[in-house]
Amino acid sequence: YQEAFSPVSDPLLQQILSIDPSLSTNPQNFPRWIPSVALGVLMRLFECRPNSAVAFADFDWLPPPDLSSPENQVLAAEPAIGDPIVTDMKGIDHPCYLTTQPDELCDILYPTDFTRIASFTRGILRRDNERRAMPMSVAAMKQNDFLLQYGLDEVNKTKSWTGYSPMIEDFGNCSVLTVAPHHLCK
């Protein structure tokens, strides 16, 4: 397997970068994963339903892979910002997507950069503003902040007798992107 870098020719990626060129740049000129499918979904959603209110949740941080076995020490891909964790169905982590066996089923988990996705979403909304019936707000926040702001009653209902709330105290590596009309935002 060999990884190669070439000029951007993918139409979806070209469209994404035309909306937010900062997605491909960083101060260290280090490779970066761009969540083109997620951004493409947002573009299509607001193209078809310009007044949609949405909430997307995902991991914003993932632990490094456990590469303690000797066969998993070889890295075949250039390290990049937002590298995924590649884990096979036996629970074994791999250094990158290029080092798994061709017929091996794996989960490929990417941490989501919610600040960048929020910035991109603002770019979509600015670009298509004339199609929108009302002004929209975009926010990226940690999951516990989102739940305390929009679901406090439900959070209180799920507390244990000790006061522990798994919805608030667990999953500290999750965030939420919200897009909603200004008047619906608290």
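Now for a quick tour of the structure. (Residues numbered from 1 in each chain as written. Predicted model: local features only at pLDDT ≥ 70, side-chain atom pairs only at ≥ 80, totals over all residues. Heavy atoms only, no water.)

**Brief notes about the side chain of Ser 175**
With respect to the helices and strands, Ser 175 occurs in strand S6 (residues 174–181). At 2.4 Å, the side chain of Ser 175 and the side chain of Asp 60 are in polar contact. Residues within four places of Ser 175 in sequence aside, it is in contact with Phe 56, Ala 57, Asp 58, Asp 60, Phe 114, Met 141, Lys 142 and Gln 143. (Helix = DSSP H or I, 4+ residues; strand = E, 2+ residues; numbered from the N terminus. Polar contact = N/O pair within 3.5 Å; in protein donor to acceptor, adjacent residues only side chain to side chain. Contact = heavy atoms within 4.5 Å.)

**Concerning the pairing of S6**
Here S6 lies mainly inside the structure; 8 of its 8 residues are buried. Of the pairings in the sheet, the one linking strand S1 (residues 54–59) to S6 comprises 6 bridges and is antiparallel in character. Residue pairing for S6: Phe 59 is matched across the bridge by Cys 174. Sheet topology note: the strand S5 (residues 136–142)/S6 ladder contains 7 bridges and is antiparallel. Residue pairing across strands places Met 141 opposite Val 176, the latter belonging to S6. (Buried < 20%, exposed > 50% of the residue type's maximum accessible area, 1.4 Å probe, protein only. Pairing = 2+ DSSP bridges.)

**Topic: the environment of Val 138**
Of note, Val 138 is situated in strand S5. Taking relative accessible area as the criterion, Val 138 reaches 13% and is therefore assigned buried. Distance in space between the C-alpha atoms of Val 138 and Leu 177 is 7.3 Å, their sequence separation being 39 residues.

**What to know about the packing of helix H2 (residues 36–48) against helix H3 (residues 114–127)**
Between H2 and H3, the shortest axis-to-axis distance is 10 Å and the interhelical angle comes to 30°. As judged from the angle between their axes, H2 and H3 are roughly parallel. Remark: the crossing between H2 and H3 carries right-handed chirality. The segment H2 lies against H3, with Leu 39, Leu 42, Met 43 and Phe 46 engaging Ile 117, Phe 120, Thr 121, Ile 124 and Leu 125. Residue composition of the contact of H2 with H3, by class: 8 nonpolar, 1 polar and no charged. (Axes fitted to C-alpha atoms, helices over the stretch in contact; angles between N-to-C directions. Parallel < 35°, antiparallel > 145°, perpendicular 65-115°, else oblique. Left-handed = near helix turned anticlockwise from the far one by under 90°. Nonpolar A, V, L, I, M, F, W, Y, C, P; charged D, E, K, R; others polar.)

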